[in-house]
Amino acid sequence: MSLAPALPADTERSVDELLALVAEGNERAFAAFYDGTASRVLGLVRRILVDPAQSEEVTQEVFFAAWQEAPQFDPAKGTALAWLLMRARRRAIDRVRSSQASRDRDTVVGIRDHESSRDDVAEKAEVLVEHHRVARAMGDLTKVHREALELTYYGGFTQSEAAIRAGVPIGTMKTRIRDALIALRKHVSAA
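Summary of the structure given here. None of these values were measured; they are calculated from a predicted model.

1. Topic: the overall build of the protein chain
Regarding its fold elements, the protein chain presents eight helices and zero strands. Moving toward the C terminus, one meets the helices and strands of the protein chain in the order α-α-α-α-α-α-α-α. Put simply, the protein chain has 191 residues, and 28% of those count as buried. In the protein chain, 55% of the contacts between residues at least 6 apart in sequence involve partners at least 24 apart. As displayed, the protein chain has an accessible area near 13100 Å², and 53% of this comes from carbon and sulfur atoms.

Right, here's the structure in full:
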């Protein structure tokens, strides 16, 4: 990038004029542009972000982007200061949203990964008691109902495969399974 001529030391320029020179690559104009606007940009960003370190970081990003995007400034659409402050506001809001999304993700992961304390002994005892109740209830079922459940739930067969193994039509097997589950539920809840 070629450097534009230096600014005369005795000339004060408006922010709009400075940004036009910045668009031409004038580093001294950029320094003057920065000096004239940095406190306003930092103040705006700080009101949005609150955190001083993040505010300084975002302000630096805003001026870096202003250096790169200065040729896009159109004085017909507004002042250079308004252009700069709008960019600062947008970048600060993006940072807030990004931080919130990150906190939300951390919360979700923390909740998902948090193992609640539990009593393994009590849980195993409860499973064992339930197992005995189901085993007793299975013994109270009729032979065809017990066979239907054993084939489908314990044997891992589909209803069609269980019907073939039992030598009955699929509709009969479905009815046996339904009736067996109803009877099993009654026996388990009664025990």
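2. Thoughts on the side chain of Thr37
Checked against the element boundaries, Thr37 lands in helix α2 (residues 27-49). Aside from chain neighbours lying at most four places away, what touches Thr37 is Val15, Phe63, Leu81 and Leu84.

3. Description of helix α8 (residues 170-190)
Along its 21 residues, α8 runs 30 Å from first to last C-alpha, staying within 8% of the 30 Å computed at 1.5 Å per residue. When α8 is considered as a whole, its buried residues turn out to be Met173, Arg176, Ile177, Ala180, Ala183, Leu184 and Val188. Projected down its long axis, α8 shows its buried positions confined to an angular sector of 140°, all on one face. Residues of α8 that are exposed and angled more than 90 degrees away from the buried face: Arg185, Lys186, Ser189 and Ala190. Looking at the buried positions of α8, the neighbouring elements they touch are α5 (120-140), α6 (143-154) and α7 (159-166).

4. Brief notes about the environment of Glu12
As for its placement among the helices and strands, Glu12 is situated in the segment before α1 (15-23). Residues Glu12 and Ala32, spaced 20 residues apart in sequence, show a C-alpha to C-alpha distance of 9.3 Å.

5. Looking at the pattern of salt bridges
Within the structure shown, the criterion is met by six salt bridges. One salt bridge in this structure joins Arg95 and Glu61, with 2.8 Å as the shortest N-O distance. Here the residue Arg95 occupies a position in helix α4 (residues 80-113), and Glu61 occupies one in helix α3 (residues 52-69), the gap between them amounting to 34 residues. According to the relative accessible area criterion, Glu61 is partly exposed, its value standing at 26%. One continuous salt-bridge network, built from bridges that share partners, spans Glu57, Glu61, Arg91 and Arg95.

6. A word on the packing of aromatic side chains
Using the criterion set out here, one finds five aromatic pairs in the structure. Arranged with centres 4.7 Å apart and planes meeting at 65°, the rings of Tyr34 and Phe63 form a pair that is edge-to-face. Highlighted residues: Tyr34 in helix α2 and Phe63 in helix α3, separated in sequence by 29 residues. Since its relative accessible area comes to 3%, Phe63 is described here as buried. What links up through ring pairs into an aromatic cluster is the set Phe30, Phe33, Tyr34, Phe63 and Trp67.

7. Notes on unusual backbone geometry
Look at Val50: it is not a glycine, yet its phi comes out positive at around 70°. Residue position: Val50 is located in the loop between α2 and α3. You can call Val50 exposed: its relative accessible area is 57%.

8. Some points on the environment of Arg13
Structurally, Arg13 can be placed in the segment before α1. C-alpha of Arg13 to C-alpha of Ala32: the two residues are 19 residues apart in sequence and 8.7 Å apart in space.

9. Re the nonpolar core
Ranked by size, the top nonpolar core spans 26 residues in total, and within it Leu19, Val22, Phe33, Val41, Val45, Phe63 and Leu84 carry the most contacts. Residue assignment for this core shows that the elements contributing at least two residues are α1, α2, α3 and α4. It is α2 that provides the largest number of residues to this core, a total of eight residues. Ala137, Met138, Ala148 and Ala180 belong to the second largest nonpolar core, which has 15 residues in total.

Definitions and limits used
- Residues numbered from 1 in each chain as written.
- Predicted model: local features only at pLDDT ≥ 70, side-chain atom pairs only at ≥ 80, totals over all residues.
- Heavy atoms only, no water.
- Helix = DSSP H or I, 4+ residues; strand = E, 2+ residues; numbered from the N terminus.
- Buried < 20%, exposed > 50% of the residue type's maximum accessible area, 1.4 Å probe, protein only.
- Contact = heavy atoms within 4.5 Å.
- Areas by Shrake-Rupley, 256 points an atom, 1.4 Å probe, with all protein chains shown as cover.
- Expected span 1.5 Å × (residues − 1).
- Arc of directions from axis to C-beta.
- Salt bridge = Lys/Arg side-chain N within 4 Å of Asp/Glu carboxyl O.
- Phe/Tyr/Trp six-rings, centres within 6.5 Å; stacked < 30°, edge-to-face > 60°.
- Core = buried A, V, L, I, M, F, W, Y, C linked by side-chain atoms within 4.5 Å.

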